[in-house]
Structure formats: structure tokens, C-alpha cells
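Chains, contacts and geometry: an overview
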Amino acid sequence: MISQTIENEIVIQKSRTREEFITDVASHAVPLKESHGIKPSVAIAQAILESNWGKSSLSQQENNYFGIKGQSDSKKYATLEYDEEWIEIHASFRSYPSLEASVKDYAELIANGVSWNPALYQSVQEAATYKEAAYALYSVGYATDPAYPEKIIEIIELYELDQYDK
């Protein structure tokens, strides 16, 4: 039996408009500019793209809005990866108690990299523009989709997310 609180949260997530989704993510992403050197526009666009506006199974069930992979013992989700062609794989992803926790973990990943390369995302942080940051994300392997930077840039420009970078 799903608790009433969780049930209400699911209804809220499903009924959010795009503008409400942007506002929700922005409330957590804007402080990342000062605290982690991350462009809020890029973080918001990634949350939109990676979670399909908060409608993906991963975001609804695990509050994972950035497609961050996790421990091998956690539940697996189907995802598409590109390696000269699109292939479906099943991967484990991190789980979070909230959107806020997902954004915070994303910020820590970008700021601190991974155990084998703490400076992995340094080029994302040092990018002068959201366009440079989008291309840097792809070049360091955040996503395998060759069109990832263009998708991020298109979302930023379509929804004028660069206003959050000011």
C-alpha cells in the first residue's frame, strides 16, 4: 500500500507543467553557480532531457533526474547507449529521496569527478558559456549520444534557461 504522502507526491510530479518543472529544478540549480561552478541553465536542461520532464521511470521511482548510474546491486533500468549504433542496456542507477538530493549529488559529481579522475568534469565547470559546457559534458563522456550537446543547447535556448546563469 502506498502511503498518502507518497501518493500525493506522485500525483504532483505527474501533473507538473513544464514551467513548474523548470522552476522546481531551478530552485536547486541556481545556487550551484556559486557553490560548485556549474551553470544552472545546463543543469536544468540536463534534468529536462535526462528525466523527460520528470516523467521517466527513473525520475519517478528513484528521484534520479540526471541519469547518474549507481551500484550494481540496485534495480536495473533499460537505457540506450550509443557506440557506433544505439543499443539498449540494463544498468543500475542511483536512487535519491528527493529532487533536491538528486541535484546535490549531480553537483558533487561535476565538482569532484569520479574516483579514478577527480578532475573529469573540470572543463564543464570552467566553460565560459552554456554551449561550451554542453560540449564539454559530451567530450568527457557524461553521455554517449553524439547529439547530446545540441539537445542541451536547444533546450536552453527554447526555454530561455540562460536567464538562470546571470
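Residues numbered from 1 in each chain as written. Predicted model: local features only at pLDDT ≥ 70, side-chain atom pairs only at ≥ 80, totals over all residues. Heavy atoms only, no water.

**What to know about unusual backbone geometry**
The residue Trp-53 is not glycine, and still its phi comes out positive at about 60°. Examined against the element boundaries, Trp-53 turns out to sit in the loop between helix H4 (40-51) and helix H5 (57-62). (Helix = DSSP H or I, 4+ residues; strand = E, 2+ residues; numbered from the N terminus.)

**Quick notes on the nonpolar core**
Counting residues in each nonpolar core, the largest one holds 42 residues, and the members touching the most others are Tyr-106 and Tyr-142. Put simply, the parts of the chain that give this core at least two residues each are helix H2 (18-29), H4, helix H6 (99-112), helix H8 (130-139) and helix H9 (148-158). When residues no more than four places from it in sequence are discounted, the contact partners of Tyr-106 are Leu-32, Ile-38, Val-42, Ala-43, Gln-46, Phe-66, Ile-68 and Tyr-142. (Core = buried A, V, L, I, M, F, W, Y, C linked by side-chain atoms within 4.5 Å. Buried < 20%, exposed > 50% of the residue type's maximum accessible area, 1.4 Å probe, protein only. Contact = heavy atoms within 4.5 Å.)

**Things to note about the layout of surface pockets**
If you add up the space inside the largest pocket, you get close to 990 Å³. Looking at the largest pocket, it is lined by 37 residues, and the ones nearest its centre are Glu-50, Gly-67, Lys-69, Phe-93 and Tyr-142. Of all the secondary structure elements, the ones that give two or more residues to the lining of the largest pocket are H4, strand S1 (76-82), H6 and H9. Top element by residues in the lining of the largest pocket is S1. It accounts for five residues. Its residues assigned to classes, the lining of the largest pocket shows 18 nonpolar, 11 polar and eight charged. (1 Å grid on protein atoms, 1.4 Å probe; cavity = no way out; pocket = protein on both sides within 12 Å on 5 of 7 lines; lining within 4 Å. Points joined across faces, edges and corners; volume = space filled by probe spheres on them. Nonpolar A, V, L, I, M, F, W, Y, C, P; charged D, E, K, R; others polar.)

**Description of the packing of aromatic side chains**
One pass over the full model with this rule turns up nine aromatic pairs. With a centroid separation of 6.1 Å and 40° between ring planes, the pair formed by Phe-21 and Tyr-65 is classed as tilted. Taken together, the positions of Phe-21 in helix H2 and Tyr-65 in the loop between H5 and S1 put the pair 44 residues apart, joining distant regions of the chain. Overall, Phe-21 belongs to the buried group, its relative accessible area being 1%. We classify Tyr-65 as buried; its relative accessible area is 1%. Clustering of aromatic rings is evident, with ring pairs tying together Phe-66, Tyr-106, Tyr-121, Tyr-142 and Tyr-148. (Phe/Tyr/Trp six-rings, centres within 6.5 Å; stacked < 30°, edge-to-face > 60°.)

**Remarks on the pattern of salt bridges**
For the coordinates displayed, the defined rule picks out six salt bridges. For Asp-145, the salt bridge goes to Lys-151, with nearest N and O atoms at 2.5 Å. Residue classification places Asp-145 among the buried positions, given a relative accessible area of 11%. (Salt bridge = Lys/Arg side-chain N within 4 Å of Asp/Glu carboxyl O.)

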